[in-house]
Amino acid sequence: MSFAELRDGTLHCSLCPHRCSIAPDHAGICRVRYNRSGALALPYYGFLSSVALDPIEKKPLFHFYPGRSILSIGFYGCNFRCPFCQNHTISQQVNERGTSVPPEEVCSLAVERGSFGIAYTYSEPVIHYEYVLDTAQIARERGLKNVIVTNGYLN
């Protein structure tokens, strides 16, 4: 993750086009990229807002494993503020009391539930890209497919 630091400890996050200026001990627009003592942090690494086994047809894909189910995981926070969002209760807040679910556990759950893969969805998953990347790498090693449902508002 690239960022620039200013003299007063403010960080400029470059993950998305908002290019947030994040003061020390504050978060950016997404509410999950955080300035912790001059370093850009993801304090909600692995905090899942939702876990469900969904039909793949709920994802914006065409003829990708039709008729199969995929383990879908969601996260808190988003870099958009859409007034019509069907998932606003998770995308517009952060659960600070949540617990982190290790990537290995998510991959094991996908296998246990008979899923062919993992979908990162429900809000904007890429603002949690460290967790998504860690999980996706393990999933791939286990022969699972990875699906990212994103708004695409990223640098």
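On a predicted model such as this, the values are computed, not experimentally measured, just so you know.

## Focus: the sheet that holds strand β8 (residues 117-121)
Spatially, four strands are ordered β6-β7-β8-β9 in an open sheet, and the strand pairing comes out mixed. On the outer flanks of this sheet lie β6 (48-55) and β9 (145-148), each paired with one strand and no other. Mean inter-strand twist for the sheet, computed between neighbouring axes without regard to direction, equals 20°. Contacting β6, β7 (69-75), β8 and β9, helix α3 (residues 129-141) crosses the sheet at an angle of about 165° to β8.

## Some points on the nonpolar core
L48, I73, F75, V106, I118, Y120 and Y131 are the most contacted members of the largest nonpolar core, which totals 16 residues. Broken down by secondary-structure element, the contributors of at least two residues to this core are β7, α2 (103-112), β8 and α3. Ranked by the residues each element gives to this core, the list is headed by α3, at five residues. Membership of the second largest hydrophobic core comes to 12 residues, among which are L11, I22, F47 and I127.

## Re the environment of C16
Counting through the fold element by element, C16 comes out in the loop between β2 (11-13) and β3 (21-22). Look past the residues within four positions of C16 in its chain and what remains in contact with it is N79, Y153, L154 and N155.

## Considering the pattern of salt bridges
Here the structure, examined in full by the defined rule, presents three salt bridges. With its nearest N and O atoms 3.5 Å apart, the salt bridge here joins K58 to D54. Among the ionic pairs, K59 bridges to D54, the shortest N-O distance being 3.0 Å. With respect to burial, K59 and D54 carry one shared label: buried. Through salt bridges with shared partners, a single network forms among D54, K58 and K59.

Conventions used here
- Once a new chain begins, its residue numbering starts again from 1 and follows that chain's sequence as written.
- In keeping with the predicted nature of the model, local features appear solely for residues at pLDDT of at least 70, side-chain atom pairs appear and are counted solely at 80 or more, and the whole-chain, interface and lining totals rest on all residues.
- Calculation of side-chain values draws on the structure's entire complement of heavy atoms; hydrogens and water are dropped beforehand.
- By the convention used here, strands pair only if DSSP detects at least 2 bridges between them.
- Numbering of helices and strands starts at the N terminus; helices are DSSP runs of H or I of at least 4 residues and strands are runs of E of at least 2.
- Axis lines are fitted through C-alpha atoms, for helices just across the contact stretch, and the angle between N-to-C directions can take any value from 0 to 180 degrees.
- Contacts are residue-level and defined by heavy atoms, with any inter-residue pair within 4.5 Å sufficient.
- We define a nonpolar core as any set of buried Ala, Val, Leu, Ile, Met, Phe, Trp, Tyr and Cys residues linked to one another through side-chain atoms lying within 4.5 Å.
- We call a residue buried when its accessible area falls under 20% of the maximum for its residue type, exposed when it is over 50%, and partly exposed in between, using a 1.4 Å probe and counting protein chains only.
- Here, a salt bridge means any Lys or Arg side-chain nitrogen found within 4 Å of an Asp or Glu carboxyl oxygen.

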